[in-house]
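An overview of the molecular structure
The primary structure of each chain is shown beneath.
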Amino acid sequence: MMTIDERKMMRELKIAQKRVQKVSKAMDGAKSKELLKSNREIGKTYIKAAKSNIKNYHEDTVVKKRGKEYPVVRGQLKASMGSWRPSRKHMGVVTGPRANAPMKRKVRPQADGWFAHMVEERPKAFGPADSETLKKRKRPPQNCGVFKRSMEQSVPKMRQQQLELYRKILKDAAR
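In short, a report on the structure.

**Here we look at the nonpolar core**
Membership of the largest hydrophobic core comes to 13 residues, with the highest contact counts inside it found for Y46, I54, L77, M81 and F147. For this core, the secondary structure elements donating two or more residues are helix 2 (29-53) and helix 6 (146-174). In terms of nonpolar packing, the next biggest core, distinct from the first, is built from ten residues, A16, V20, L35 and L170 among them.

**Notes on the environment of T95**
Examined against the element boundaries, T95 turns out to sit in strand 4 (residues 94-97). Its relative accessible area of 24% is what places T95 among the partly exposed residues. Sequence spacing of T95 and Y46 is 49 residues, and the spatial spacing of their C-alpha atoms is 7.4 Å.

**Observations regarding the side chain of S154**
Locating S154 in the fold gives a position in helix 6. In this structure S154 comes out as buried when scored by relative accessible area, which is 2%. Sequence-distant contacts of S154, that is, excluding residues within four places in its chain, are made with T45, Y46 and A49.

**A look at the side chain of N39**
With respect to the element layout, N39 can be found in helix 2. Residue classification places N39 among the buried positions, given a relative accessible area of 12%. Leaving out residues up to four positions away in the same chain, N39 has contacts with M91, G92, V93 and Y166.

**Description of the pattern of salt bridges**
Oppositely charged side chains may form a pair once their charged atoms are brought near each other. Under the criterion given, the structure shown has three salt bridges. For E41, the salt bridge is made with K44, and the minimal N-O distance between the two is 3.9 Å. With E41 and K44 both in helix 2, this residue pair falls three residues apart, about one helical turn. For E41, a relative accessible area of 37% corresponds to the partly exposed category. Classification of K44 as partly exposed rests on a relative accessible area of 49%. Taking the shortest distance from any N to any O, the salt bridge between R74 and D60 comes out at 3.4 Å. Here the residue R74 occupies a position in the loop between strand 2 (68-72) and helix 3 (76-80), and D60 occupies one in the loop between helix 2 and strand 1 (61-65), the gap between them amounting to 14 residues. A residue is classified by how much of its surface remains accessible, and R74, at 51% relative accessible area, is exposed.

Parameters at a glance
Residues numbered from 1 in each chain as written. Predicted model: local features only at pLDDT ≥ 70, side-chain atom pairs only at ≥ 80, totals over all residues. Heavy atoms only, no water. Core = buried A, V, L, I, M, F, W, Y, C linked by side-chain atoms within 4.5 Å. Buried < 20%, exposed > 50% of the residue type's maximum accessible area, 1.4 Å probe, protein only. Helix = DSSP H or I, 4+ residues; strand = E, 2+ residues; numbered from the N terminus. Contact = heavy atoms within 4.5 Å. Salt bridge = Lys/Arg side-chain N within 4 Å of Asp/Glu carboxyl O.

As structure tokens, this is what we get:
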């Protein structure tokens, strides 16, 4: 449930976003670079929260799939966190674990987060985890739901930061 202050902030944020979009269409390349820079700055808030929530696995491991072995080193998920621009047409920035496989990102092998979906949620092909299996494990799944928790922690801070940066850009553009 949103409080009155959050509703007011969201309303202001939507108004500021509309103004920024109108101004960004009329802006030259330098101003659009400022907008992209502010979006990257906002994304860093989530990256910082996610990296602080991710716990490294206790040992290096290997995943075997179709006869091939894929090594996963300690700290690989944390190292894969980053931000990128999915399209040159838009000012949007995507943040999260970077992976070479689906997005063709240029990520070094020790920082490839191709397995992030398996960490966040158990793959549906394996079915739900039974309680007996979880009891037998030496360690509980530490990072299950880590990205969702990180989003819940960082979204209010990111919205506040976005509102401040957009106000600053609008103020500079109005001159």
